[in-house]
Amino acid sequence: MTEVLAADGRPLKASLNRALRRQKLRALALIAPLLIFILVSFVMPIADMLFRSVENDIVSDTLPRTVEALDAWDSASGETPDEAVFQALYTDMALATEYKSHTRLGSRLNYELTGVSSLFRKTGRRVKRFDTDVYADAFRDASPAYADAAQWAEWMDDDALRDALPRTADAYDGWAKMIVEVDNDVPAEEEPWDFVYTALYNDVMTGAEPPVAVDLSGVEPVSLREQFVEIDKDWLDPNVWQTIKIYSPKYTNGYFLNSVDLQKGPDGAEARPESERIYVVLFIRTMIMSLSIMGMCVLLGYPIAWLLANLPDRTSNLLMILVLLPFWTSLLVRTSAWKVLLQQQGVINDTLVWIGLVADGDRLQLINNQTGTIIAMTHILLPFMILPLYSVMKTIPPSYLRAAKSLGATDWTAFWRVYFPQSVPGIGAGCILVFILSIGYYITPELVGGTKGVFISNRIAYHISFSLNWGLAAALGSILLAVVLILYWVYDRIVGIDNVKLGG
Amino acid sequence: MKTTMKLMATSCLTLTASMAFADGHMVNEMTIVSWGGAYSNSQQKAYHDPYMENTGVNIINDESSAEAVAKLRAMNEAGNVTWDVVDVVASDAIRLCDEGLAMEIDHDEMLAAGDDGSTASEDFGDLLVSDCFIPQIVYSTTVGYRTDLVGDTPPTDICAIFDTDAYPGKRSLEKRPINNMEWALLCDGVAKDEVYDVLETEEGQTQAFAKLDTIKDDVIWWTAGADTPQLLADGEVVMGSTYNGRLFSLIEEQDQPVAMLWDAQVFDLDGWIIPAGLPEERKARALDYVKFATDTQRLADQSKYIAYGPARASSAPLVGQHADLGIEMAPHMPTDPENAKNTFLYNYEWWADYRDDLDAKFQAWLSK
């Protein structure tokens, strides 16, 4: 078999591909501005936000030494870690306080364990006033070299000395970095702080040779553990340490566990106490209510769309304006209007009482519950159902119905067997629009939903703007996004996405 | 020759002038964030207008205080903080300070001394609840009731909220645990100074929820400060909690048949913070502004326009009449001795710890 060649002698297939590729590239270049815009202003921020649902470097960034020291601690032992961990914590906290990152870490860990926030705040206030100044004094008294900033810098440049005094070198480095970054000073001109001397003392006590001989036998050792416990006895609580240890990795699934009512325990995921479970209920409720709203929209929107498509132009235009009018009204105005209508002393109840359908003392509860949310949201989302339905119905030739009837079909058969199947793509489009819009809704449920009519998005909004637990908000958002994508996929399998039409 | 000299002199002068301007330390435009509505109006009249007149600075108002914490965090992460001074409630100030988003303030150094000669920190006293917080007003969350719906025996104490026999009908409470948990315990026989100790325990929380359970079906939960006044005005609720300034305007300005129950009112604070990491000249301007806006006279002036108490002790004697209604404002202040017979002190530190935990439990309780 010989290959077909193009005029220039190349194989025809390759030549064709090249031409097509060029065309594709041109098309890509044409949409490039839009693509880049969407990537930069939409996809990347969302990805960045969603990434926060697993990001957790704050613990190991703020307390690097403590996290390392805790490696050796057995969290199942139920005992408080030993002095070495408290020494690491002392250095970390002294530095974190200068960077003012200890309170930030405190509020992060407070999401997991109540009380950590004030523990860190309190500790930060007092960590500079520990009794460890006795070490610094002892060294300075032993030799003036220890009070000499330049001398310190020189020592800490000496690799052999650094190897001999690992804790000191580490504490000094942290301190020097902080002096440069926070105070804008030069380390070689500043005398190190107490925690550096404490590290030096600990090095010397474990057998290292100090740069200048010093006799420390007269110094009463200071237990850092006791210093911390003096600030707050919570430092003795193994739970605090366990929380730090569990949340020390750079990435965590903790937020995702929280968002399905689980929590991280020492041996993996465990259920939250009954009294703190909310999210699963909210997710299910959001789904069910969104489906009901979608259903209501189909029921109410279908006849209206049919009327719009079949009435003479003059009347249907007027109707169209009535459909679009609320669409152009502010969302808040419409929701507040529903408040006025639905409340117990509101228009609807007043009318019912006046007619005599409802007793005055027994007025209907139409708002601040699920009914209120469903009514108000159905109204708000109705145009999103009517418009695609209308544009699809507009394309169904009326002659089909007439043909069906002339062939002997009853009105119902003609509608159900001939008209309805042709309008399904419109229903599909409307349903997707209404459903996806409603599961992400939050203003209307917040205003009219009371306690049982609120959605998961209300909790997301709460965590974004009030509790500042953005990790949890991101995890809840990711789950919501995943659920929508899965439903979309299911929908595609069942109905087929090609059968969805927004018009034409 | 003369001209040249003159020219040189002028350019020299211009040069020094522009240099002085450049390191005159302050910018001439600032963005102040507050709550909007009547509250922002009172600040506009008492602080912004006189400040703009004195200094020629242009003040841009932004009504974003409700989302200030989240927005400041986002701005800080983006490295572009566009706000200069932000009005927040004390608990948000603590949160912002914890997050490193607000600047620490040396109150005595940076704020004006009191008119009576006290230092700023003495003058503000206990109200300096955070190192970043500059108190401005004291407001309270208290209960208002419909005088025409409570019969012949109007409620006199906070436990009327829980007494559905004597006062049938709906009541509105804020949709968060803060204040509600405390009131529930107070009305369940817990002594005032033990409330937070009890609430710290699992049993105490169960006790508070059990008390709230007794009225759960009768409560409309509000989220916006305007909700309770609207519900009271429409007769939807017989009583409800809200901020005292809202009730003042409902009663005095809109003439509704509503009265206030000052019992067990919960004091809270509102004030300024300055975002952390502002450039020097903006920071200097912000500090100059807050020094002016929180001096004794200015704080007293604000109470002419809104029923919130000035945060300085030295301002109290200067509180006068309402600017439009002409009524004495002192009896409408939450701090007035007649109103403050039984007050409840909100524990910021405690709530900063327990807020996340109790909020989850509260939401779970609500959705049951």
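In this numbering scheme, every chain counts its residues from 1 along its sequence in written order. As a convention, the first chain written is A and the first ligand written is 1, with the rest following in written order. Where totals are concerned, whole chains, interfaces and linings use all residues; where local detail is concerned, this predicted model gives features only for residues with pLDDT of at least 70, and gives and counts side-chain atom pairs only at 80 or more.

So, about the packing of helix 19 (residues 370-393) of chain A against helix 21 (residues 411-439) of chain A. All names here are of chain A. Fitting a line to C-alpha atoms yields each axis, with helices limited to the stretch in contact; the angle taken between N-to-C directions then spans 0 to 180 degrees. Secondary structure is summarised from DSSP: a helix means a run of H or I of at least four residues, a strand means a run of E of at least two, and numbering begins at the N terminus for each. Put simply, helix 19 and helix 21 touch, their axes get as near as 8 Å, and they point 155° apart. The orientation of helix 19 with respect to helix 21, classified from their angle, is roughly antiparallel. Helix-helix and strand crossings are classified by hand; for helix 19 and helix 21 the assignment is right-handed. The residues of helix 21 that touch helix 19, namely those facing Met377, Leu381, Phe384, Met385, Pro388, Leu389, Val392 and Met393, are Ser423, Pro425, Gly426, Ile427, Ala429, Gly430, Leu433, Val434, Leu437 and Ser438. Taken together, the residues of the contact of helix 19 with helix 21 break down into 14 nonpolar, four polar and no charged. The scheme is simple: roughly parallel for angles under 35 degrees, roughly antiparallel for over 145, roughly perpendicular for 65 to 115, oblique for anything else. Two helices crossing with the near one rotated counterclockwise from the far one by less than a right angle form a left-handed crossing, whereas a clockwise rotation gives a right-handed crossing. For the purpose of contact definition, each residue receives a C-beta atom placed from its backbone, and two residues are in contact when these atoms lie within 7 Å. Residue type decides the class: Asp, Glu, Lys and Arg count as charged, Ala, Val, Leu, Ile, Met, Phe, Trp, Tyr, Cys and Pro as nonpolar, and the leftover types, Gly among them, as polar.

It is worth spelling out the UniProt feature "domain: ABC transmembrane type-1" (unreviewed entry) in chain A at this point. UniProt positions are given in the numbering used here, feature names are shortened, and annotations may be inferred rather than shown by experiment. What UniProt calls "domain: ABC transmembrane type-1" (unreviewed entry) maps, in this numbering, to residues 283-491 of chain A. The span residues 283-491 of chain A is 79% helix and 0% strand, and its two end C-alpha atoms sit 19 Å from each other.

Residues and elements named next belong to chain B. Here a residue counts as buried when 20 or more other C-beta atoms sit within 10 Å of its C-beta, as exposed when there are 12 or fewer, and as partly exposed otherwise, the C-beta atoms being derived from the backbone. Of all 10 residues in helix 11 (residues 244-253), seven are buried; the element is thus mostly enclosed. Turning to helix 11, its buried residues number three or more, namely Asn244, Gly245, Arg246, Leu247, Phe248, Leu250 and Ile251. If you follow the buried residues of helix 11, they end up packed against strand 4 (134-146), helix 10 (227-233), strand 7 (239-243) and strand 8 (258-273). Aspartate 255 sits one or two positions beyond helix 11 and adopts a positive phi of about 55°.

All names here are of chain B. By definition, two strands form a pair when at least two bridges between them are found by DSSP. Both strand 1 (residues 29-33) and strand 2 (residues 58-62) contribute to a ladder of five bridges, which runs parallel. By the bridge assignment, methionine 30 is partnered in strand 2 with isoleucine 59. Following the chain from strand 1 across helix 2 (residues 37-55) to the adjacent parallel strand 2, one finds a crossover that is right-handed. Seen with its strands pointing away from the viewer, a crossover is right-handed if its path from the first strand over the helix to the second goes clockwise.

Turning next to the environment of aspartate 92 of chain A. Residue and element names in this part refer to chain A. Residue position: aspartate 92 is located in helix 4 (residues 83-99). C-alpha of aspartate 92 to C-alpha of arginine 167: the two residues are 75 residues apart in sequence and 12 Å apart in space. Once you skip the residues sitting within four places of it in the chain, aspartate 92 turns out to touch Thr62, Leu63, Pro64, Arg65 and Thr66.

Our focus in this paragraph is the domain arrangement of chain B. All names here are of chain B. Under the domain assignment used here, chain B contains domain 1 (24-138 + 270-332) and domain 2 (141-267 + 338-366). Each domain's extent is set by a domain assignment, obtained either automatically or from a database. One C-alpha centre belongs to domain 1, the other to domain 2; they are set 28 Å apart. Between domain 1 and domain 2, the residue contacts involve 13 residues of the former and 10 residues of the latter. It is helix 4 (residues 90-98) that provides the largest number of residues to the side of domain 1 that touches domain 2, a total of three residues.

Attention now moves to unusual backbone geometry. Backbone geometry at aspartate 261 of chain A places phi at a positive 65°, although glycine is not the residue there. Of note, the phi angle at asparagine 179 of chain B is positive, near 75°, even though the residue is not glycine.

Turning next to the domain arrangement of chain A. We note that the domain assignment places domain 1 (1-51), domain 2 (61-128 + 225-252), domain 3 (132-221) and domain 4 (279-499) within chain A. Computed from C-alpha coordinates alone, the two centres of domain 1 of chain A and domain 3 of chain A are separated by 62 Å.

Looking at chain direction, strand 1 (residues 262-265) of chain A and strand 2 (residues 268-271) of chain A are connected through four bridges and run antiparallel. The partner of leucine 262 of chain A across the bridge, within strand 2 of chain A, is alanine 271 of chain A.

Listed per partner, the contact involves 30 residues of chain A and 27 residues of chain B. Among the secondary structure elements, those contributing two or more residues to the side of chain A that touches chain B are helix 5 (102-110), helix 6 (116-126) and helix 23 (456-465) of chain A. Examining the composition of the side of chain A that touches chain B, we find that five residues originate from one element, helix 5 of chain A, more than from any other. Of the residues in the side of chain A that touches chain B, the class split is five nonpolar, 18 polar and seven charged.

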